[in-house]
Amino acid sequence: GPDDSYFVWKKNGQKMKACITEQSHVLFDGRVHVLSWVKDSVSENTEYKCSFISKVGNTTSEVRITVEDKDSAGQDGWTKEFDTWRSAISEHDKMMQNWRKTWVRVFGK
């Protein structure tokens, strides 16, 4: 993304300011890899929108989380899927931290 880029997160139409994590890493050719996510819990149906804004252009992603009854048959499947996603995000974070350490060691930035 361009150096003027930023994220805007909305939850049910309201701008969020908490629970947001962002990472950016400058690539060797000057481009920037940017990533943002929200750590949140919901007890009712919730819509999230993430907008990536820059002078070059904007894009928005959205997702709707539907909360089911705790006794619902799909709870075990959801728990396993959530654990898989949490693991993937954790692994990505570790990979990016290692990448940054290597970059600093090699290029000194």
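Everything that follows concerns the structure shown earlier in this document.
If you're wondering where the values come from, they're calculated on a predicted model, not measured in any experiment.

J.: I'd like a description of the overall build of the protein chain, backed by residues and values.
T.: The helix and strand tally for the protein chain stands at 1 helix and 6 strands. For the protein chain, the sequential pattern of α-helices and β-strands runs β-β-β-β-β-β-α. Within the protein chain, the fraction of its 109 residues that count as buried is 16%. Here the contacts in the protein chain between residues at least 6 apart in sequence split such that 49% fall between residues at least 24 apart. For the protein chain, the exposed area adds up to about 8,600 Å²; of that, 52% sits on carbon and sulfur atoms.

J.: Provide a residue-level description of the nonpolar core, including the pertinent values.
T.: The biggest cluster of nonpolar side chains holds 6 residues, and these are F7, W9, M16, Y48, C50 and F52. Counting only elements with at least two residues in this core, the list comes to β1 (6-11) and β5 (46-53). Ranked by residue count, the leading element in this core is β5, at 3 residues. In this structure, W9 is in contact with Q14, K15, M16, I20, S36, W37, V38, K49 and C50, ignoring residues within four places of it in sequence.

J.: Give a description of the side chain of Q23 that names residues and reports values.
T.: Structurally, Q23 can be placed in strand β3 (residues 20-26). Reaching out from Q23, the side chain makes a polar contact with the side chain of D93 at a distance of 2.3 Å.

J.: Go over the sheet that holds strand β2 (residues 14-15), please, and point to the residues and values.
T.: With antiparallel pairing, the 4 strands of this open sheet are ordered in space as β2-β1-β5-β6. Each edge of the sheet is formed by a strand with only one pairing partner; in this case those strands are β2 and β6 (58-65).

J.: Can you explain the environment of Y48? Please cite residues and give values.
T.: With respect to the helices and strands, the residue Y48 is situated in strand β5. Spatially, the C-alpha atom of Y48 lies 7.2 Å from that of W9, the residues being 39 residues apart in sequence. Sequence-distant contacts of Y48, that is, excluding residues within four places in its chain, are made with K10, K11, M16, V38, D40, V42, S61, E62, V63 and I65. A polar contact is formed between the side chain of Y48 and the side chain of D40, at a distance of 2.5 Å.

J.: Explain the pattern of salt bridges to me, and be specific about the residues and the numbers.
T.: Counting across every chain of the model gives 3 salt bridges. Its salt-bridge partner being K11, residue D40 comes within 2.8 Å of it at the nearest N-O pair. Taken as a pair, D40 in the loop between β4 (32-38) and β5 and K11 in strand β1 lie far apart in primary sequence, 29 residues in all. Classification of K11 by relative accessible area gives partly exposed; the value is 26%.

About the cut-offs
Residues numbered from 1 in each chain as written. Predicted model: local features only at pLDDT ≥ 70, side-chain atom pairs only at ≥ 80, totals over all residues. Heavy atoms only, no water. Helix = DSSP H or I, 4+ residues; strand = E, 2+ residues; numbered from the N terminus. Buried < 20%, exposed > 50% of the residue type's maximum accessible area, 1.4 Å probe, protein only. Contact = heavy atoms within 4.5 Å. Areas by Shrake-Rupley, 256 points an atom, 1.4 Å probe, with all protein chains shown as cover. Core = buried A, V, L, I, M, F, W, Y, C linked by side-chain atoms within 4.5 Å. Polar contact = N/O pair within 3.5 Å; in protein donor to acceptor, adjacent residues only side chain to side chain. Pairing = 2+ DSSP bridges. Salt bridge = Lys/Arg side-chain N within 4 Å of Asp/Glu carboxyl O.

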